[in-house]
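Take a look at the letters that make up each chain.
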Amino acid sequence: MKKSIISLLFVSMISMGLVGCGSQKSSGEVSKPSDDKVLTVYTARSESLNNLVIHNFEKDTGIKVEMVVAGTGELQKRVASEKNSPLGDILWAADETMLASSKDLFMKYVSPEDANMGDAFKNKTGYFSPCFADPTVFIVNKDLIGNIKIEGFKDLLNPALKGKIAFGDPTNSSSAFQSLMAMLYAMGKDGDPMSEQAWNFVDKFIANLDGKMSRSSGQLHKSVADGEYPIGLTWEDPAANYVKNGAPVNVVFPKEGAIFPGESVQIINNCKHPENAKKFVDYLLSEKTQNAVGTQLTVRPLRKGAKLASYMVPIEKIKITPNYSESWVAENKNKVTAKFNEHLEKSKK
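None of these values were measured; they are calculated from a predicted model.

Trainee: If you had to explain the packing of aromatic side chains to someone new, which residues and values would you point to?
Mentor: If you walk through the whole model with that rule in mind, you get 11 aromatic pairs. Taking the centre distance of 5.1 Å and the plane angle of 85° together, the rings of Phe57 and Phe280 count as edge-to-face. Of this pair, Phe57 sits in helix 1 (residues 47-61) while Phe280 sits in helix 9 (residues 274-285), placing them 223 residues apart in sequence. Looking at Phe57, the relative accessible area reads 0%, which means it is buried. Within the aromatic cluster, the residues linked to one another by ring pairs are Phe57, Trp92, Phe280 and Tyr283. A cation over an aromatic ring shows up here: Lys333 above the ring of Phe177, its NZ or CZ 5.1 Å from the ring centre. Lying across the ring of Trp199, Lys339 places its NZ or CZ 5.6 Å from the centre.

Spelled out as C-alpha cells, the structure:
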C-alpha cells in the first residue's frame with residue numbers, strides 16, 4: 001500500500017530479482033538455502049524501513065535475509081501463485097483488511113511479543129501481526145491555510161476551502177480509501193460508517209471538493225507541501241517526513257478520530273524456514289525494533305510505550321476511532337467504494 005519502493009526487482013510473476021542487504025541476484029529464482037540461517041522476505045515496505053529492520057535483524061540473529069521488493073498487489077499474487085510450493089517465508093505487506101479473504105495462504109502464529117502491543121493492535125486472528133501503522137491524517141500547509149481552523153473533519157466543509165482540498169480517489173488509492181473510512185466512522189451515527197448521517201457528510205465533503213480529485217496518492221501530499229493546496233487527506237509517514245525535513249506543513253489528526261490500520265507481517269503457509277520466520281515476526285514487534293523505528297523514521301510503531309521522535313505526534317494526543325474494525329472493512333470494501341461512486345455521480349447531476 002502506498003509505499004515508496006526501493007526498486008522493482010521483478011520481470012514477471014515467474015521471473016523476479018532478489019536483493020539481500022548489500023547483494024543482488026538476477027537469476028529470477030529465490031536461492032536455495034545452503035543452511036538454515038536464511039530467510040526470504042517479500043516486502044512492500046519503504047526503503048528506509050526495510051534497510052533499518054533487515055540490517056539489524058541480520059546482525060542480531062545471524063540469519064541472512066533475501067528480499068523480494070515489489071508492490072503489495074504484485075507480492076500478493078506471487079504468494080498465491082506459489083501456494084503449492086512457496087519460495088518465500090514472510091509477506092511483509094498489506095494488512096488484515098486486504099488479506100482476510102486469503103488467510104489460507106498464511107501460517108497461524110501469535111508472537112510472544114504480541115502481549116506488549118497496543119490493545120487495538122494485537123493479533124486477534126492468529127494470522128496477521130500488526131507491527132507498524134500509517135494513520136490517517138491531514139497535511140496542512142502553514143503558509144497557505146491562513147486563519148482557517150483545521151482540527152477535524154467538520155472543518156473540511158468550510159466554504160473557504162471549496163476546491164482547495166487535495167483528496168484521492170478511494171476506488172484507486174488505498175490511502176484515500178482509508179481517509180474515507182476514517183471520515184465515515186467519525187461522522188456516522190454512533191460510529192456507524194454506513195449510517196445515513198455518515199453519507200450525508202460525504203455528500204457535503206464531495207461538494208466542497210468542487211470536482212477536484214487526485215488519482216495519485218503519492219503526488220497528493222507533495223502538492224500540499226509544494227504549495228498547490230492548503231490541505232490534503234493522506235497518511236502520516238510522508239506528512240511527518242515533510243515536518244522532519246523542515247517543510248512548512250503541519251500534521252493534524254482529526255479530533256473526531258483517526259484510524260490506525262495496522263500494517264502487518266505474515267508467515268507464508270508451508271514456507272521453508274518457519275522457525276526463522278517466527279524470529280522475524282518477534283523481531284519486528286520487539287522493543288528494540290519498535291523504538292528504533294519510532295525514533296529514526298516516520299513510521300508509527302504500535303508497541304505500548306514505544307519511543308517517538310520529536311517530529312511525531314505523541315500517541316496520547318491522538319484520538320483513535322474506538323470501533324474501527326479491519327475485518328468489517330475487509331468484508332465491505334467493495335460495497336463502500338461502490339456507494340462512494342454512487343454519491344460522486346449524484347453530485348455531478
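Trainee: I'd like to hear about the nonpolar core, residue by residue, with values.
Mentor: Within the largest apolar cluster, 62 residues are counted, with the highest numbers of intra-cluster contacts made by Ile90, Leu91, Trp92 and Phe280. For this core, the element with the highest residue contribution is helix 9, accounting for 6 residues. Ignoring any residue separated from it by four or fewer positions in sequence, one finds Phe280 in contact with Leu39, Val41, Val53, Ile54, Phe57, Ile90, Trp92 and Val265. Judged by nonpolar contacts, the second largest core, of 34 residues, contains Ile150, Phe177, Ala182 and Ile206.

Trainee: Describe the side chain of Asp169, naming the residues involved and giving the relevant values.
Mentor: Tracing the chain through its elements places Asp169 in the loop between strand 8 (165-166) and helix 5 (174-187). There is a polar contact of 2.7 Å between the side chain of Asp169 and the side chain of Thr171. Within the structure, Asp169 has its side chain in polar contact with the side chain of Asn172 (distance 2.7 Å).

Trainee: Please give an account of the pattern of salt bridges that cites residues and values.
Mentor: Inspection of every chain in the model, using the stated rule, returns 13 salt bridges. Of the charged contacts in the structure, one is a salt bridge between Arg303 and Glu113, with a shortest N-O distance of 2.7 Å. Note that Arg303 is positioned in the loop between strand 12 (300-301) and helix 11 (326-347) and Glu113 in the loop between helix 3 (96-99) and strand 6 (129-133), a separation of 190 residues in sequence. A relative accessible area of 14% places Arg303 in the buried class.

Trainee: Describe the sheet that holds strand 10 (residues 249-252), naming the residues involved and giving the relevant values.
Mentor: An order of 8-9-7-10 is seen for the 4 strands of this open sheet, with the pairing classed as mixed. The two strands at the open ends of the sheet, each matched to only one other strand, are strand 8 and strand 10. Pairing between strand 8 and strand 9 (residues 231-235): 2 bridges, direction parallel. In the strand pairing of strand 9, Ile165 is matched with Ile231. Sheet contacts for helix 5: strand 7 (136-141) and strand 9; angle to strand 9, the most-contacted strand, approximately 105°.

Trainee: Just give me the short version of the confidence of the model for the protein chain, but keep the residues and values in it.
Mentor: Residues at a pLDDT of 70 or more form 89% of the protein chain, whose mean pLDDT is 88. The low-confidence segment residues 1-29 (pLDDT under 50) makes 84 contacts with residues lying over four places distant or belonging to another chain.

Trainee: An account of helix 2 (residues 72-81) is needed here, citing residue identities and associated values.
Mentor: Three- or four-residue spacings in an α-helix give side chains the same orientation, since the helix completes a turn every 3.6 residues. For helix 2, every residue scored as buried is listed here: Thr72, Leu75, Gln76, Arg78 and Val79. Projection of helix 2 onto a plane perpendicular to its axis shows the buried side chains occupying an angular sector of 160°, all on one side. Exposed side chains of helix 2 directed beyond 90 degrees from the buried face belong to Lys77 and Ser81.

Trainee: So what's going on with the pairing of strand 7? Residues and values would help.
Mentor: Burial analysis of strand 7 places 6 of its 6 residues in the buried class, the great majority of the element. Across the two faces of strand 7 the burial is the same, with Thr136, Phe138 and Val140 and Val137, Ile139 and Asn141 all buried. Here strand 7 runs beside strand 9; their pairing, made up of 5 bridges, is antiparallel. Bridging across to strand 9, Phe138 finds its partner in Leu233. Where strand 7 lies against strand 10, 4 bridges are found, and the strand directions are antiparallel. What sits directly across from Asn141, in strand 10, is Val249.

Rules used in this analysis
- Residues numbered from 1 in each chain as written.
- Predicted model: local features only at pLDDT ≥ 70, side-chain atom pairs only at ≥ 80, totals over all residues.
- Heavy atoms only, no water.
- Phe/Tyr/Trp six-rings, centres within 6.5 Å; stacked < 30°, edge-to-face > 60°.
- Helix = DSSP H or I, 4+ residues; strand = E, 2+ residues; numbered from the N terminus.
- Buried < 20%, exposed > 50% of the residue type's maximum accessible area, 1.4 Å probe, protein only.
- Lys NZ or Arg CZ within 6 Å of the ring centre and 35° of its normal.
- Core = buried A, V, L, I, M, F, W, Y, C linked by side-chain atoms within 4.5 Å.
- Contact = heavy atoms within 4.5 Å.
- Polar contact = N/O pair within 3.5 Å; in protein donor to acceptor, adjacent residues only side chain to side chain.
- Salt bridge = Lys/Arg side-chain N within 4 Å of Asp/Glu carboxyl O.
- Pairing = 2+ DSSP bridges.
- Axes fitted to C-alpha atoms, helices over the stretch in contact; angles between N-to-C directions.
- pLDDT = per-residue confidence, 0-100.
- Arc of directions from axis to C-beta.

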